[in-house]
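# Chains, contacts and geometry: an overview
These are the residues of each chain, in order.
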Amino acid sequence: MECAPRIRPAGDRALFIEFGTEINPEINLRVQEFYRRTDAHKIPGIGEMIPSYCSILVYYDPFLLSFAETSAWAGQFLSSEPLQNLMSAPVKEVPVLYGGEYGPDLSFVARHNQSSEEEVIRLHAGKDYLVYVVGFSPGFAAMGIVPPQVQAPRQASPRTKVPAGSVGIGGLQTGIYAVESPGGWQLIGRTPLKLFNLERNPPSFFQAGDYARFYPIDEKEYKRIQESGIRTKGPILFYPDA
Amino acid sequence: MIEVLKPGLFTTVQDLGRWGYQSYGVGIAGALDPFALSAANLLVGNPENAAGLEITVQGPTLKFHRETTLAIVGADLDPILDGQSIPNRTCVLAPSASTLSFKARKSGVRAYLAVSGGIDVPLVMESRSTYLLGKFGGLDGRAIKAQDLIPMGDPPANYRKGVGRSFPEEFLPPYRKNPILRVVLGPFDEFFSQEGIRDFLSTPYTITAQSDRMGYRLQGIPITRRKKEELITCGLANGTIQVPPNGQPILLLVDRQTIGGYPVIATMIHADLSLVAQSAPGDELRFSAVSPDEGREAYIRLWGNLDRFKGLSFLRKL
């Protein structure tokens, strides 16, 4: 539920602001709004922030600021003014090769929902998702909410290696593993886009607050994009390495 | 160049960490005992955030392909240069083609080796730190191995002048076995029962073998919950102490994931990170609660010692 934001210490070098206690787009947009509004008004000593679903962690430099001073600075941006329009955030299109060896859990997700693989693909690709958070591992983007017939529980025991580009379902959310890592989400497909690139700033294709839209491709198109790095279907924002 | 003859148990290139990219899921990495690395750097005339080697428990054997000064701070692994014992926390001249090795662990866990000019691997996102999960930074994001050639930066012109200088012991963190760590309760202490918080603050927790740069899994009296609700995944500060359903706390360190979903009973203060970095599986940790302001004072006092040391060095030159 949504509540008045609460500020609490997270040790001696960070504070924690909680905007609510559940995963939903309204609360997440308040986190995003705080993140974006404060970025232009940072004072010396305010460090990086980690926005998440319904909270944000704000680092500060204890040489320059105390907890009280940092709280006072953050408090200015917590007024209950109406949300600025964040709907202008970009919709980033993501080509996905669903099923088969690229999405080994697609059949499980279909069976779990007493549905077909085709229907899961149609529904998964049929709506825009808000990226709630980027984290866990480099560039991992968690977004939602997926339609009820696409939802599926996480795996009982996580895989030790999930390939980069894998698209997964974790409960009500969908997400993309940007780099190879361990992971417990049900894998329904894979994108040939390179979603984490050390040479770029920012290194991550997705940022919290973006929107994502998936579209199905076949294996030939997957290989073509992988090799050429060029998509034919126009994304609204083109990522040069994608 | 530094040639790796033997890699030791686990040695990585680290500076003070890759700050500024956690919102993209990139962890900070960096020295687990940042103060020891900085002190070693100052001894050889480097900036305090230059990259050095973090050496864990069993040291490597390294050959220097040019003359350099070096300093080792943190764990005492009994360093040997060309067959002769050399002192810790002291600037030592290592001639061209000399070999540094380590005899045995006497105290602590992680020793930091700084060389004049620093370790000069490429910057990745403004840091040279090895990030194991991301497989980048340092030497391709991995520990050093035999036959690696580790690049050294150009030393300052007067680098030999520092030879013989020591970092005063009283300026170091109060390293000891079974330390008491100061924590700030929260941000989710309300998830725990009064007994749970009392147990956490009054009984020892042993470091288990499942402990590394990501975090230390601890074992002790299980910490009981008051609220059974799950926490929504949130950003994690350095030194976060989270408690999974089994009640056994996990102390999260520099290679942690950027976000996580277990309730956080307390967060360690940064001044005491060094004490954790030098504690080994089997050691006991105790926790005592302080305010953020007390944590801040401890931080300013500890890191202020670097400036006090620089002041001493300046006086020495007069």
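What counts and what doesn't
Within each chain, residues carry numbers counting from 1 in the order of the written sequence. For this description, chains carry letters from A and ligands carry numbers from 1, given in the order in which they are written. Predicted model: local features are reported for residues with pLDDT of at least 70 only, side-chain atom pairs are reported and counted for 80 or more only, and whole-chain, interface and lining totals are derived from all residues. Each domain's extent was defined by an automatic or database domain assignment. Contacts are defined on C-beta atoms placed from the backbone: any two residues whose C-beta positions lie within 7 Å are in contact. Strands here are runs of E lasting at least two residues and helices are runs of H or I lasting at least four, both read from the DSSP assignment and numbered beginning at the N terminus. Basically, the charged four are Asp, Glu, Lys and Arg, the nonpolar ten are Ala, Val, Leu, Ile, Met, Phe, Trp, Tyr, Cys and Pro, and anything else, Gly included, counts as polar. DSSP bridges decide pairing: two strands pair if at least two such bridges lie between them. pLDDT runs from 0 to 100 and stands for how confident the predictor is about each residue. Remark: nonpolar core denotes a set of buried Ala, Val, Leu, Ile, Met, Phe, Trp, Tyr and Cys residues whose joining runs through C-beta atoms within 7 Å. With C-beta atoms placed from the backbone, the exposure class of a residue follows from how many other C-beta atoms lie within 10 Å of its own: 20 or more, buried; 12 or fewer, exposed; in between, partly exposed. To be clear, the arc concerns the directions from the helix axis to the C-beta atoms. Each axis is a line fitted through C-alpha atoms, and for a helix only the stretch in contact is used; angles between axes span 0 to 180 degrees, taken between their N-to-C directions.

## Section: the domain arrangement of chain A
Residues and elements named next belong to chain A. For chain A, the assigned domains are domain 1 (2-75) and domain 2 (91-228). The gap between the C-alpha centroids of domain 1 and domain 2 is 29 Å. With 8 residues of domain 1 at the contact, the number on the domain 2 side is 7 residues. At the level of elements, helix 1 (25-39) and strand 3 (46-51) are the ones that each hand at least two residues to the side of domain 1 that touches domain 2. Top contributing element to the side of domain 1 that touches domain 2 by residue count: helix 1, with 3 residues. Residues that form the side of domain 1 that touches domain 2 fall into these classes: 5 nonpolar, 3 polar and no charged.

## Some thoughts on the interface of chain B and chain A
Where interface size is given, it is often the accessible area lost as the parts come together that is meant. Taken together, the contact between chain B and chain A spans 35 residues of the former and 41 residues of the latter. Looking at the side of chain B that touches chain A, the elements with two or more residues in it are strand 15 (234-235), strand 19 (264-268) and helix 4 (292-317) of chain B. The greatest single-element share of the side of chain B that touches chain A, amounting to 6 residues, is contributed by helix 4 of chain B. In terms of residue class, the side of chain B that touches chain A is made up of 19 nonpolar, 14 polar and 2 charged.

## Remarks on the sheet that holds strand 1 (residues 2-6) of chain B
As a general point, the strands of a sheet are linked pairwise by backbone hydrogen bonds and lie either parallel or antiparallel. All names here are of chain B. Strand order in the open sheet formed by 6 strands is 7-6-9-4-1-11, with antiparallel pairing between adjacent strands. In the strand order of this sheet, the two ends are held by strand 7 (84-85) and strand 11 (149-150), each with one partner. One ladder, built from 4 bridges, connects strand 1 with strand 4 (residues 61-64); its direction is antiparallel. If you follow I2 over to strand 4, its bridge partner there is F64.

## Describing the environment of K220(A)
Examined against the element boundaries, K220(A) turns out to sit in helix 5 (residues 219-228). When the C-alpha positions of K220(A) and L97(A) are compared, they lie 9.6 Å apart, and in sequence the two are 123 residues distant.

## Some remarks on the domain arrangement of chain B
Residue and element names in this part refer to chain B. Partitioning chain B into structural domains gives domain 1 (2-167) and domain 2 (180-296). The centre of domain 1, based on its C-alpha atoms, is set 29 Å off from the matching centre of domain 2. At the level of elements, helix 1 (34-43), strand 5 (68-76) and strand 10 (107-115) are the ones that each hand at least two residues to the side of domain 1 that touches domain 2. For the side of domain 1 that touches domain 2, a count of residues per class yields 10 nonpolar, 7 polar and 2 charged.

## A few points about the confidence of the model for chain A
In this model, chain A carries an average pLDDT of 89, and 90% of its residues clear a pLDDT of 70 or more. With pLDDT under 50 throughout, residues 235-242 of chain A is counted as low confidence; its partners more than four residues away or in other chains account for 17 contacts.

## A short note on the environment of V162(A)
Relative to the elements of secondary structure, V162(A) occurs in strand 8 (residues 159-162). With near-sequence residues (within four places) excluded, V162(A) lies in contact with Y177(A), E180(A), S181(A), P182(A), G183(A) and L187(A).

## Focus on the nonpolar core
Grouped together as the largest cluster of nonpolar side chains are 159 residues, with contacts concentrated most on V58(A), A40(B) and A114(B). With 7 residues, helix 1 of chain B is the single largest residue contributor to this core.

## Some words on unusual backbone geometry
Cis peptide bonds are those with omega within 30 degrees of zero, and the linkage from N201(A) to P202(A) qualifies with 0 degrees. Here the bond from G186(B) into P187(B) is cis, since omega is 10 degrees, no more than 30 degrees from zero. Along the chain, P187(B) falls in the loop between strand 12 (180-185) and helix 2 (194-202). Here the phi dihedral of R89(B) falls at roughly 40 degrees; this positive angle occurs in a residue that is not glycine. Structurally, R89(B) is set in the loop between strand 7 and strand 8 (92-94). The phi torsion at N178(B) lies on the positive side, around 50 degrees, for a residue other than glycine. Note that N178(B) resides in the loop between strand 11 and strand 12. Overall, N178(B) belongs to the partly exposed group, with 14 C-beta atoms counted inside 10 Å.

## Some thoughts on helix 4 (residues 117-124) of chain A
In an α-helix, one turn spans 3.6 residues; hence positions three or four apart end up facing the same way. Residue and element names in this part refer to chain A. Within helix 4 the residues assigned to the buried category are V120, I121 and H124. Looking down the long axis of helix 4, one finds its buried residues gathered within 100 degrees of arc, a one-sided arrangement. Along its buried surface, helix 4 packs onto strand 5 (91-98), helix 3 (106-112), strand 10 (173-176), strand 12 (186-190) and strand 13 (211-216).

## So, helix 2 (residues 67-75) of chain A
All names here are of chain A. For helix 2, every residue scored as buried is listed here: F67, T70 and A74. The buried residues of helix 2 occupy an angular sector of 70 degrees when projected down its axis, which confines them to one face. Helix 2 presents A68, A72 and G75 as exposed residues on the side facing more than 90 degrees away from its buried surface.

## A look at the sheet that holds strand 12 of chain B
Residue and element names in this part refer to chain B. Taken in spatial order, the 7 strands of this closed barrel run 12-19-16-17-14-13-20, and their pairing is mixed. On average, adjacent strands in this sheet sit at an angle of 40 degrees to one another, irrespective of strand direction. With 2 bridges joining them, strand 13 (residues 205-211) and strand 20 (residues 284-289) adopt antiparallel strand pairing. Paired with Y205 across the strands is L285, a residue of strand 20.

## Looking at the environment of N178(B)
Residues N178(B) and R142(B), spaced 36 residues apart in sequence, show a C-alpha to C-alpha distance of 30 Å. With near-sequence residues (within four places) excluded, N178(B) lies in contact with D283(B) and E284(B).

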